[in-house]
Amino acid sequence: MLKLIGGSLLILAAVIVVRTIMHSPPPSADVMLVNLNIDAKKAAQHLSESITFKTVSNQSQADKNDAEFTGFIQWVKDTYPSVNSKLELIMFNQTMLYKWQGSDQSLKPILVTGHYDVVPVIPGSEDKWEHPPYEGKIVDGVIWGRGALDDKSGVIGILEATTFLIAEGFSPTRTIYLSFGHDEEIGGPEGAGAVTAYLQENEIQLAWSLDEGSFLFDGMFPGVENLIAAINVAEKGSVTLDIVATAAGGHSSMPPKNNAIGVLAKAINKLEENPVPGGLQGLSATMFDSISRYFDFPMRMLFANRWLFDGVIDSQLSRVTFANAMLRTTTATTMLSGSIKTNVLPIEAIATVNFRVHPRDTPESVKAYVEGIVADEQITVRTRGGRSASKVSSWEADGFNQIARSLREVYGDVAVTPGLMIAGSDSRHYGKVADNAYRFNPFELTQENLAGFHGTNEKMKVEDFIMGIKAYIQIMRRGSDS
Ligand SMILES: [Zn+2]
């Protein structure tokens, strides 16, 4: 009997090891690296100049400095004269839409887009910046300032790439649209929203769009040497619920055992203990399947043998906030309210909870789940508002493959995988007029740079910026050629 068990264990171990060995990266892509000659100094100078326009999107429109936006638009026209003469420009408020007419009008156009508005610098945090946020200083090969990552590098990268292609005498087969949004950071209603309405009115359906999203991750996954390009094919939705606890109220000198705040606290606790169910399926499964092939042996072993280790993987990933957000609808209690006076018991205590909705759920299904978890006669759940996740674009379509190929032609052997965007972007508009909406910036990103997003010390290496321009050149060339 012991012999039999020993034999079975041996077979099991062999199966696990063989599966792990087979769970390896795909063979190096058979692509030639392109040789593109970019004037790095000039391109970096342009990104630097663009940062000096304080095109800040504040929550309140009253704080908007219009002159900075019109100044930026004029600067684009002056700095990129060939783009401006070769392409047709249509303005939507302060969002610029360029059309580069293709030779074959039977083909659906593509859209390459970015936004030039930026988030404000938190008042009082200016002195935490190593170089001022709106001067675009270039120091030791690094461009500093608000927008260096999000997303003036995208906008200027696209403009540099277009200028390069025009100078080379390239003319697209498929029509290329370029758009540069002015209000992405406040939802994009007057920019991307207006462009989308225009395309709808003119019955223009795009083959695909490429907007900001994730990056080429460099060293973000421990033990992984390759760059990982997670091209986001969907973005999460968002729903905000008020969890309301009611009680009798009265004077705080004679409190009942359970007051509204205590009831509410229990409800919040239940929500934290019972995250919305998720796991490795569909998009998340594909993503982790491709990335895990680059992991070290023990981690690869887990992912190669999901039939055995799914439970372990799920609990491990759920502990990493970033990975957890990929697997499920997340739960975040953000606001609380109770009584209005120190000695008055609340008759109502409210917790506001924001859920970021995974494509597998809907705002309605999240509410139903929450109602089940917090069920109590003193509790009601009210919806403040929300939106569903976007549809999931195909990672087998031509557009995805063209973008992936372009990245390999510039960066060599990168791991390309579909990804899920956990924040929002203008693509929530463009996705309505595109067969597939992709969300990806073709720049390298390290853990260190990540902190600059909407934070302090936003910056980009000149070297990385130039590589991104090359990627945009290839993406536009490949994307419009077939
Ligand atoms: Zn952005």
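One can find the structure itself at the top, above this paragraph.
As a convention, each chain's residues are numbered from 1 in the sequence order in which they are written. Owing to the predicted nature of the model, reporting of local features is limited to residues with pLDDT of at least 70; listing and counting of side-chain atom pairs is limited to 80 or more, with chain, interface and lining totals taken over all residues. Remark: hydrogens and water are excluded; side-chain values derive from all non-hydrogen atoms of the structure.

*Asks:* Break down the pairing of strand E13 (residues 348–357) for me, citing the residues and quoting the values.
*Replies:* Consecutive side chains along a regular strand alternate between the two faces of the sheet. Burial classes: relative accessible area under 20% of the type maximum marks a residue as buried, over 50% as exposed, and values in between as partly exposed (1.4 Å probe, protein chains only). A run of DSSP states H or I qualifies as a helix once it reaches four residues; a run of E qualifies as a strand once it reaches two. Both are numbered from the N-terminal end. Most of E13 is tucked away, with eight of its 10 residues classed as buried. Two strands form a pair only when DSSP identifies at least two bridges running between them. The pairing of strand E9 (residues 237–246) with E13 spans 10 bridges and is classified as antiparallel. Bridging across to E13, Ser-238 finds its partner in Arg-356. As judged from the seven bridges shared by strand E11 (residues 330–337) and E13, these two strands associate in the antiparallel manner. Its bridge partner lying in E13, Leu-336 is registered against Ala-351.

*Asks:* I'd love a proper account of unusual backbone geometry, names of residues and values included.
*Replies:* Glycine aside, residues mostly have negative phi, and peptide bonds are mostly found in the trans state. Each neighbour pair has its own omega, and for Asp-150 with Asp-151 the value is 0°, a cis peptide bond. Among the secondary structure elements, Asp-151 is positioned in the loop between strand E5 (142–144) and helix H5 (152–167). Backbone geometry places His-454, a non-glycine residue, at a positive phi of 55°. Tracing the backbone shows His-454 in the loop between helix H15 (447–450) and strand E17 (459–461). Unlike most non-glycine residues, Asn-457 shows phi in positive territory, near 60°. Tracing the sequence through the fold places Asn-457 in the loop between H15 and E17.

*Asks:* Can you lay out the coordination of the zinc ion for me, pointing to particular residues and giving the numbers?
*Replies:* For Na, K and Ca the donor cutoff is 3.2 Å, while for all other metals N, O and S atoms count as donors only within 2.8 Å; water does not appear among the atoms, so some sites may look incomplete. Protein coordination at the zinc ion: the donors are His-115 (NE2), Asp-150 (OD), Glu-212 (OE) and Glu-212 (OE), at 1.9 to 2.6 Å from the metal. What the four donor atoms of the zinc ion show is an angle range of 54 to 153° at the metal, which sorts the shape as irregular. On the primary sequence, the residues serving as donors to the zinc ion are separated as H-x34-D-x61-E. Taken as a pair, His-115 in strand E3 (residues 110–115) and Glu-212 in strand E7 (residues 206–217) lie far apart in primary sequence, 97 residues in all. In this structure, His-115 and Glu-212 share a single accessibility class: buried. A four-donor site is classed as tetrahedral when every donor-metal-donor angle falls between 85 and 135 degrees; four donors are called square planar, and six octahedral, when trans pairs exceed 155 degrees and all remaining angles lie between 65 and 115, with any other arrangement labelled irregular.

*Asks:* How would you summarise the packing of helix H2 (residues 40–51) against helix H16 (residues 462–481) if you had to cite specific residues and measurements?
*Replies:* Where H2 contacts H16, the two axes come as close as 10 Å, and the packing angle between them is 100°. With respect to H16, the axis of H2 lies roughly perpendicular. Listed contacts from H16 to Ala-40, Ala-43, Ala-44 and Leu-47 of H2 are Val-462, Phe-465, Ile-466 and Ile-469. Split into classes, the residues belonging to the contact of H2 with H16 amount to eight nonpolar, no polar and no charged. Helix axes use the C-alpha atoms of the stretch in contact, all axes being lines fitted to C-alpha atoms, and the angles between their N-to-C directions lie in the range 0 to 180 degrees. Roughly parallel covers angles under 35 degrees, roughly antiparallel covers those over 145, roughly perpendicular covers 65 to 115, and oblique covers all other angles. Should any heavy atoms of two residues lie within 4.5 Å, those residues are considered in contact. For this scheme, ten residues count as nonpolar: Ala, Val, Leu, Ile, Met, Phe, Trp, Tyr, Cys and Pro. Four count as charged, namely Asp, Glu, Lys and Arg, and the remainder, Gly too, count as polar.

*Asks:* For the environment of Ser-393, give the residues involved together with the corresponding values.
*Replies:* Within the secondary structure, Ser-393 is located in the loop between strand E14 (379–387) and helix H13 (398–411). Relative accessible area serves as the criterion here: at 2%, Ser-393 is assigned to the buried category. Considering only alpha carbons, one finds Ser-393 and Val-112, 281 residues apart in sequence, at a separation of 16 Å. When residues no more than four places from it in sequence are discounted, the contact partners of Ser-393 are Val-233, Asn-436, Ala-437 and Tyr-438.

*Asks:* Please provide a residue-by-residue account of helix H3 (residues 66–79), values included.
*Replies:* Between its terminal C-alpha atoms H3 stretches 20 Å, which fits the 20 Å expected from 14 residues at 1.5 Å a residue. Listed in full, the buried residues belonging to H3 are Glu-68, Phe-69, Phe-72, Ile-73, Trp-75, Val-76 and Thr-79. Axial view of H3: buried residues confined to an arc of 160°, hence all on one face. Relative to its buried face, H3 has exposed residues pointing more than 90 degrees away, namely Ala-67 and Asp-78. How far a helix is expected to stretch is found by multiplying one less than its residue total by 1.5 Å. Directions drawn from the helix axis to the C-beta atoms are what define this arc.

*Asks:* Go over the layout of surface pockets with me, naming the residues and quoting the values.
*Replies:* A 1.4 Å probe that fits but cannot get out identifies a cavity on a 1 Å grid over protein atoms alone, an open set with protein on both sides within 12 Å along at least five of seven lines counts as a pocket, and a residue lines either if it has an atom within 4 Å of a point. Grid points are joined across faces, edges and corners, and a volume is the space filled by probe spheres set on the points. The calculated volume of the largest pocket comes to roughly 800 Å³. If you trace the largest pocket, you find 38 residues lining it, with Gly-213, Met-421, Ile-422, Ala-423 and Gly-424 closest to the centre. Taken together, the elements giving at least two residues each to the lining of the largest pocket come down to E7, strand E8 (228–235), helix H8 (282–292), helix H11 (321–327), E13, strand E15 (415–421) and strand E16 (434–445). Class assignment of the residues belonging to the lining of the largest pocket gives a composition of 19 nonpolar, 12 polar and seven charged. Computed from the structure, the second largest pocket encloses a volume of approximately 430 Å³. As for the second largest pocket, its lining consists of 15 residues, and the residues nearest its centre are Met-220, Phe-221, Pro-222, Phe-295 and Val-320. Along the lines of polarity and charge, the residues of the lining of the second largest pocket split into 12 nonpolar, two polar and one charged. Domain borders in the structure are assigned automatically or taken from a domain database. Inspection of the lining of the second largest pocket shows a minimum of three residues originating in each of domain 1 (40–223 + 390–481) and domain 2 (237–387).

In short, the description is geometric, and any link to function would need to be established separately.
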